[in-house]
Structure formats: structure tokens, C-alpha cells
Amino acid sequence: MNNSVTDSERAPEPVGPYPHARRAGDFIFLSGVGPRSRGTKEIPGVTLSPEGNIVDYCIETQCRSCFENVQKVVEDSGARWDEVVDVAVYLTDMKKDFAAFNKVYEEYFGEIRPCRTTVEVGALPTPIAVELKVIVHAPRG
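Report on the accompanying structure.

Bridge count for strand E6 (residues 84-91) against strand E7 (residues 115-120) is six bridges, and the pairing is parallel. From the neighbouring strand, Ala 88 faces E7, where its bridge partner is Thr 117. Of the crossover connections in this fold, the one passing from E6 over helix H2 (residues 94-109) to the parallel E7 is right-handed.

With that settled, consider the packing of aromatic side chains. Across all of its chains, the model carries eight aromatic pairs by this definition. Each ring, one from Trp 81 and one from Phe 109, has its centre 4.5 Å from the other, and the planes form 15°; the classification is stacked. A residue pair is termed long-range when its members are at least 10 positions apart, and Trp 81 in the loop between helix H1 (59-76) and E6 and Phe 109 in helix H2 qualify at 28 residues. Trp 81 gets classed as buried once you look at its relative accessible area, which sits at 13%. Judged by its relative accessible area of 2%, Phe 109 falls in the buried class. Counting every residue linked through ring pairs, the aromatic cluster contains Phe 67, Trp 81, Phe 101, Tyr 105, Tyr 108 and Phe 109. The ring of Tyr 57 carries the charged tip of Lys 96 above its face, separated from the ring centre by 4.2 Å.

Grouped together as the largest cluster of nonpolar side chains are 36 residues, with contacts concentrated most on Leu 30, Phe 67, Phe 101, Leu 132 and Val 136. The set of elements that each furnish at least two residues to this core consists of strand E3 (27-30), H1, E6, H2 and strand E8 (130-137). Sorting elements by how many residues they give to this core places H1 first, with seven residues.

Turning our eyes to something else, we now look at the pattern of salt bridges. Inspection of every chain in the model, using the stated rule, returns nine salt bridges. Glu 9 is the salt-bridge partner of Arg 38, the closest N and O atoms lying 3.9 Å from each other. Of the two residues, Arg 38 is situated in the loop between E3 and strand E4 (46-48) and Glu 9 in the loop between strand E1 (5-6) and strand E2 (21-24); the sequence distance between them amounts to 29 residues. Taking the relative accessible area as the measure of exposure, Arg 38 reaches 31% and is therefore partly exposed. For Glu 9, a relative accessible area of 64% gives the class exposed.

In spatial order, the strands read E1-E2-E3-E8-E6-E7; together these six strands make up an open sheet with mixed pairing. Each edge of the open sheet carries a strand with a single partner, namely E1 and E7. The sheet contact formed by E3 and E8 spans three bridges and is antiparallel. What sits directly across from Phe 27, in E8, is His 137. The strands that H1 touches are E1, E2, E3, E6 and E8; relative to E8, the one it contacts most, it runs at about 30°. Here H2 sits on the sheet and contacts E6, E7 and E8; the angle it forms with E7, its principal contact strand, is near 155°.

Because an α-helix completes one turn every 3.6 residues, residues spaced three or four positions apart along the sequence face the same direction. A rise of 1.5 Å per residue sets the reference length of H1, with its 18 residues, at 26 Å; its end C-alpha atoms lie 25 Å apart and thus fit the reference within 8%. For H1, the set of buried residues is Ile 59, Gln 62, Cys 63, Ser 65, Cys 66, Phe 67, Asn 69, Val 70, Gln 71, Val 73 and Val 74. Positive phi shows up at Gly 78, right after H1, with a value of about 85°.

Rules used in this analysis
Residues numbered from 1 in each chain as written. Predicted model: local features only at pLDDT ≥ 70, side-chain atom pairs only at ≥ 80, totals over all residues. Heavy atoms only, no water. Pairing = 2+ DSSP bridges. Helix = DSSP H or I, 4+ residues; strand = E, 2+ residues; numbered from the N terminus. Right-handed = clockwise from strand over helix to strand, strands pointing away. Phe/Tyr/Trp six-rings, centres within 6.5 Å; stacked < 30°, edge-to-face > 60°. Buried < 20%, exposed > 50% of the residue type's maximum accessible area, 1.4 Å probe, protein only. Lys NZ or Arg CZ within 6 Å of the ring centre and 35° of its normal. Core = buried A, V, L, I, M, F, W, Y, C linked by side-chain atoms within 4.5 Å. Salt bridge = Lys/Arg side-chain N within 4 Å of Asp/Glu carboxyl O. Contact = heavy atoms within 4.5 Å. Axes fitted to C-alpha atoms, helices over the stretch in contact; angles between N-to-C directions. Expected span 1.5 Å × (residues − 1).

See the structure below:
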């Protein structure tokens, strides 16, 4: 079984000791990916206080950044965007952000229609409001 690891040079660095993705046979499992920018502490769509707490955020900007980061990891893993089969979504404020998230999700996944689970969480490892965990089915002959 092909069991390779992907550490993307284009996506933001992981915040822990894990790879961006791992292939197991015909499947690629992505670690959680948020909207951070590679090589910086910048988080698109987030305004932080001097102490590093979220003062304000734009969920649409964060979602677009998050999807772009996931696309980079999918591509750098040797797969295509249309091979995404499952998406786990973590939002920190379901009531406030769910409708806007769905709008952006439709822009990126409308025709592909992967399975999806969306849950609200109390916090994420960095000051972000959204994170995605993705599974890709990418058979290679």
C-alpha cells in the first residue's frame, strides 16, 4: 500500500507535529486546515487584539482562505479538487456563521457535492473561526 506523507510548501505550516496529508491506498486524509497564511502569523479576515484574541472577523474571508489552503494540500498530494469525497467542518459560531459558510462552500464544492459534517466547537488551536478536515479518493494506477 502506498502510504506517503505530504508536507505542502504552499499551505500554512501545521501548528503541531503532523503532516498536511497522508495517502493510504487510494485515499488521502488531510489534517485540519484553517485560513492562516504560510510563513506569517496573519489570518485573513481576522482582527486580533495585542494579546492575540479575536476582536472581529469576516467568516467569508476566512472560508475562502481556508478553501484555498485545502486546495493547495489536495493538489500537492497529487490529487484533484473534484476527488474530494468528504469534508468535516468545524465552526466556532454555528448560528452566526453557518449561512455564510454554506454560501462559500457552494462556490467551491457546488458541482462536486462531497459528503459533509458540520459541528460547532468551543475553540480551535489558533484564533480562527473555521477549519476543514478533508478526505480525498484519488486512485492512481
